[in-house]
Amino acid sequence: MSYDLLSRLKCLLGVQCILFTIFLFILAGIFEIGGGYLIWLWLRENKDFTFAIFGGIVLFLYGIVPTFQPSYFHRIYATYGGIFVVMSLLWGWYFDKTAPDLYDTLGAFIILIGVTIIFYWPRKDE
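Residues numbered from 1 in each chain as written. Predicted model: local features only at pLDDT ≥ 70, side-chain atom pairs only at ≥ 80, totals over all residues. Heavy atoms only, no water.

Enquirer: Teacher, can you tell me more about the overall build of the protein chain here?
Expert: Helix and strand counts for the protein chain stand at 5 helices and 0 strands. Going from N to C terminus, the protein chain has its helices and strands arranged as α-α-α-α-α. Burial status across the protein chain gives 28% buried among its 126 residues. The long-range fraction of contacts in the protein chain, counting pairs at least 24 apart against all pairs at least 6 apart in sequence, stands at 69%. Accessible surface, the protein chain as shown: approximately 8400 Å² in total, 73% of it carbon and sulfur. (Helix = DSSP H or I, 4+ residues; strand = E, 2+ residues; numbered from the N terminus. Buried < 20%, exposed > 50% of the residue type's maximum accessible area, 1.4 Å probe, protein only. Contact = heavy atoms within 4.5 Å. Areas by Shrake-Rupley, 256 points an atom, 1.4 Å probe, with all protein chains shown as cover.)

Enquirer: Would you mind going over the nonpolar core with me for this structure?
Expert: In globular proteins that are soluble, nonpolar side chains generally tend to be buried together. Phe25, Ala28, Tyr80 and Ile83 are the most contacted members of the largest nonpolar core, which totals 15 residues. Counting only elements with at least two residues in this core, the list comes to α2 (15-44), α4 (73-95) and α5 (102-120). Discounting residues that sit within four places of it in the chain, Tyr80 has contacts with Phe25, Ala28, Gly29, Glu32 and Tyr62. (Core = buried A, V, L, I, M, F, W, Y, C linked by side-chain atoms within 4.5 Å.)

Enquirer: Looking at this model, I keep getting lost on unusual backbone geometry. Mind explaining?
Expert: Glycine aside, a negative phi is what most residues show, and trans is what most peptide bonds show. The residue Asn46 is not glycine, and still its phi comes out positive at about 55°. Structurally, Asn46 can be placed in the loop between α2 and α3 (49-64). Phi at Lys97 takes a positive value of approximately 60°, unusual for a residue other than glycine. Here Lys97 shows up in the loop between α4 and α5.

Enquirer: I'm lost on the environment of Phe68 in this one. Help?
Expert: With respect to the helices and strands, Phe68 occurs in the loop between α3 and α4. With residues up to four places along the chain from it excluded, the contact list for Phe68 reads Phe20 and Leu24.

Enquirer: Any chance you could explain the packing of α2 against α3 here in plain terms?
Expert: Helix-helix packing is described using two parameters, namely the angle between the two axes and the distance between the axes. Running from N to C, α2 and α3 point in directions that differ by 160°, and their axes come no closer than 7 Å. Compared by their axis directions, α2 and α3 come out roughly antiparallel. In this structure, the crossing between α2 and α3 has a hand that is left-handed. Residues Ala28, Phe31, Glu32, Gly34, Gly35, Gly36, Leu38, Ile39, Leu41 and Trp42 of α2 lie in contact with α3, whose contacting residues are Phe49, Phe51, Ala52, Phe54, Gly55, Gly56, Val58, Leu59, Leu61 and Tyr62. Its residues assigned to classes, the contact of α2 with α3 comprises 14 nonpolar, 5 polar and 1 charged. (Axes fitted to C-alpha atoms, helices over the stretch in contact; angles between N-to-C directions. Parallel < 35°, antiparallel > 145°, perpendicular 65-115°, else oblique. Left-handed = near helix turned anticlockwise from the far one by under 90°. Nonpolar A, V, L, I, M, F, W, Y, C, P; charged D, E, K, R; others polar.)

Next comes the structure, spelled out in structure tokens:
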């Protein structure tokens with residue numbers, strides 16, 4: 001493991017760093033869901049091809065954002081998967097006007113507990 005990665009992993013202990021990682025997860029979510037939504041609009045809602053182009057660009061940016069996270073690939077993507085679920089429900093609520101029901105909310109809450117443990121639980125080797 002490189003020294004740079006070790007210094008990034010130590011970052012997880014500070015509140016400022018936790019806020020930064022949360023920001024990165026949300027930014028990645030906006031890029032992935034937003035890019036996918038633009039392509040969805042192009043294919044499902046017969047929007048102009050420029051929606052697909054911008055969707056592809058935004059999805060490309062999504063692929064870059066997680067590389068700034070201070071952890072290992074598997075933890076970043078596992079945690080992001082949970083964040084993605086929650087943000088997808090919020091996206092549908094805001095853009096499609098479909099509010100999450102009790103089971104969506106309960107599932108999202110359970111997922112957030114899980115990803116918090118996966119990403120932020122201190123480990124002896126880090």
